[in-house]
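Survey of secondary and tertiary structure
Listed here are the chains, written in short residue letters.
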Amino acid sequence: MSVAQLENIRSTPRGSAGAPAWALVSAGAFVVMMACGNGLLNDSDTLWQIAVGQSIIDHGAMPYADIYSFTRAGAPWRSSSWLSQVLYAQAYALGGWGGVVALAAAAIAAATGLLVRALGRYVAPVYAAVIALGALALSMPHLLARPHVLVMPVMVLWVAELSKAGEAGRAPSPLLLVLIALWANLHGSFVFGIAIAGAFGLDALWNAPAAQRGRLVLQWAAFGCGALLAACMTPYGWGSFIAASQILGLGGLLNIISEWRPADFGHSGLFEIAVLGLIIGLLCSNISFAWPRALIVLGLVGMALAHRRNIELLALLVPLVVAARLVARFPVIAVDTQAPRKSASPVMLALLVALCAGVGATAAYALRFTPFAAQPSVAVDALKQHHATRVLNDLPFGGYLIWRKVPVFVDGRAELYGEEFDTNYLRALELRDVDRFLALLSDNNIDATLLAPATPAVTLLDRLPGWKRVHADGVAVVHVRDPSRTSGEVQP
């Protein structure tokens, strides 16, 4: 589809007012996500994210050092997602867990609707809706009430506008710099946004007439410098780049953290089927790409294969990158440039907003949203009864301990603890190195443990002199130091 045809689409007379496809899909996605609200809360990190946001609100200051652990207390730490954390804290203050679910659901719905609207420049509304809903389904495993969800609408709009500029062989609007500034305050993945802008700059140079490329290089270079400056418009300034890049320095630890693990083709899930389908489709459909676009697609596929948490990048962004070439190969799915375009009726949009608000409010008060189904609430009560102050906790319990204002040994902020600390900690709890586990207890003056029943270290603590089990349920087991059992050998 040529640029002239795209301009023709935009200039086509509008038809009768109503609800366009993007609005209907967005409203439907919101209702679905509210119905699946507990799934959005199925991550203990949500708890500490809200705790950090509430601390920022209460003190009117940004975190620069750790105040939540006893193993890294006072160590430098910046929150690269501070604005998202504040928004979640405000949502919780206004509507409890229903408010948190509604905020995350609204962001997901907005991203889905924006994807439909962006694809509508190329493909018929029904196909745009099917593609967007497929992207939503593919992203479901990583749709959680955490900062990365709030940045999804910004990411879709950013890439859609960059893609439009690239295929038109021009520079993007400077107004886009507002998006990258917002992104930098919402989530550390803004670094990816700046990187992909460079790829679209190459695409624009490829598509531009040779005589215009010299001027275009300067325009894209200016835009890139502007993006770097805009990304520094955070409370941390240039420090936001440091905070965002620390996670990439965790090395082999990324293969241990669940969401950072690579894709596993040993089983057939929706993601694996989608990747194989994408490869087969590109091989068999004779779709040709200019090398910059091919580079972007390969980069997104590679990121998703390397780390599961990048699946939503593949799902939401690849359709925007390939849409124009897809339509050129399969004209049957193209948007009808001669048909009247349905405009957005203010009345209809207002009714949809009211409907979504009603559904959200009803769900927030009628449904029992519960964060992190495996909360060790009773176990933490037992810890407090024993006045434990230095608790060795399983990683998934870190967020809940912060929520209960108990200093943690470790939590989900892997960039704070570092590769060596987390790796040694995980090896110790799995008893791959028993001496290291015993040293971990003594060197850190641990006076209690909070571990999942399946953690191998639980069995050792049951037999270890000087330790006593004081609580156990299906979620957690608590051991405390017992002076009456300080002598003797490990019991069989």
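As a starting point, this report considers the structure included with it.

So, how was this worked out
Residues numbered from 1 in each chain as written. Predicted model: local features only at pLDDT ≥ 70, side-chain atom pairs only at ≥ 80, totals over all residues. Heavy atoms only, no water. Pairing = 2+ DSSP bridges. Helix = DSSP H or I, 4+ residues; strand = E, 2+ residues; numbered from the N terminus. Axes fitted to C-alpha atoms, helices over the stretch in contact; angles between N-to-C directions. Contact = heavy atoms within 4.5 Å. Salt bridge = Lys/Arg side-chain N within 4 Å of Asp/Glu carboxyl O. Buried < 20%, exposed > 50% of the residue type's maximum accessible area, 1.4 Å probe, protein only. Core = buried A, V, L, I, M, F, W, Y, C linked by side-chain atoms within 4.5 Å. Parallel < 35°, antiparallel > 145°, perpendicular 65-115°, else oblique. Left-handed = near helix turned anticlockwise from the far one by under 90°. Nonpolar A, V, L, I, M, F, W, Y, C, P; charged D, E, K, R; others polar. Expected span 1.5 Å × (residues − 1). Bend = angle between axes of the 7 residues up to and from the residue. Phe/Tyr/Trp six-rings, centres within 6.5 Å; stacked < 30°, edge-to-face > 60°.

Attention now moves to the pairing of strand β5 (residues 467–472). In this structure, β5 lies alongside strand β6 (residues 477–481), joined through five bridges in antiparallel fashion. Bridge pairing in β6 links Trp467 to Arg481. In this antiparallel pair of consecutive strands, β5 and β6, the connection spans four residues.

Here we take up the sheet that holds β6. Pairing is mixed in the open sheet, where four strands are placed in the order β3-β4-β6-β5. The open sheet has two edge strands, β3 (391–393) and β5, and neither has a second partner. Direction aside, neighbouring strands of the sheet carry axes that sit 20° apart on average. Along the sheet face, helix α20 (residues 434–443) touches β3, β4 (448–451), β5 and β6 and points at about 145° away from the line of β3.

When charged atoms on two side chains of opposite charge get close, those side chains can pair. Taken as a whole and assessed by the stated rule, the structure comprises 10 salt bridges. Here Asp433 and Arg436 are joined by a salt bridge, their closest N and O atoms 3.5 Å apart. What makes Arg436 partly exposed here is its relative accessible area of 33%. It is possible to trace a salt-bridge network through shared partners that takes in Asp66, Asp411 and Arg413.

In this section: the nonpolar core. Note that soluble globular proteins tend to have their nonpolar side chains buried in a common cluster. The biggest cluster of nonpolar side chains holds 150 residues, and the ones touching the most others in it are Trp158 and Leu450. Ranked by the residues each element gives to this core, the list is headed by helix α5 (residues 82–119), at 17 residues.

Turning to the packing of helix α8 (residues 152–168) against helix α15 (residues 311–329), a few remarks are in order. How two helices pack is summed up by the angle between their axes together with the distance between the axes. Two elements in contact, α8 and α15, have axes separated by 10 Å at closest approach and are oriented at 20°. It follows that α8 is roughly parallel to α15 by the angle criterion. The interaxial crossing formed by α8 with α15 has right-handed handedness. When α8 is examined against α15, the residues Met152, Met155, Val156, Val159, Ala160, Ser163 and Glu167 are found in contact with a partner set consisting of Leu313, Leu316, Leu317, Leu320 and Ala324. Considered class by class, the residues forming the contact of α8 with α15 number 10 nonpolar, one polar and one charged.

Before going further, it helps to spend a moment on α5. Taking 1.5 Å of rise per residue, 38 residues should cover 56 Å, yet α5 covers just 31 Å from first to last C-alpha, more than 12% shy of that figure. Of all the bends found along α5, the most pronounced is centred on Gly95 and spans about 135°.

Turning next to α15. Turn by turn, an α-helix covers 3.6 residues, leaving residues three or four places apart pointing in a common direction. With 19 residues, α15 should cover 27 Å at 1.5 Å per step; its first-to-last C-alpha distance of 26 Å lies within 8% of that length. Of all the bends in α15, the greatest, near 55°, is centred on Ala323. Among the 19 residues that make up α15, 15 are buried, leaving the element largely enclosed by the rest of the structure.

Our next topic: the environment of Gly360. You can see Gly360 is positioned in helix α16 (residues 346–366). Residue class for Gly360 comes out buried when judged on its relative accessible area of 7%. Along the backbone, Gly360 and Ala102 are 258 residues apart, and their C-alpha atoms lie at a distance of 6.1 Å.

For the rest of this paragraph, the subject is the packing of aromatic side chains. Within this structure, the stated rule accounts for 14 aromatic pairs. Here Tyr92 and Trp403 contribute two aromatic rings whose centre-to-centre distance is 5.3 Å and whose plane-to-plane angle is 80°, an arrangement assigned as edge-to-face. Linking Tyr92 in helix α5 with Trp403 in helix α18 (residues 398–403), this pair joins segments that are 311 residues apart in sequence. Since its relative accessible area comes to 26%, Trp403 is described here as partly exposed. Ring geometry for Trp220 and Phe223: centres 5.9 Å apart, planes at 70°, overall edge-to-face.

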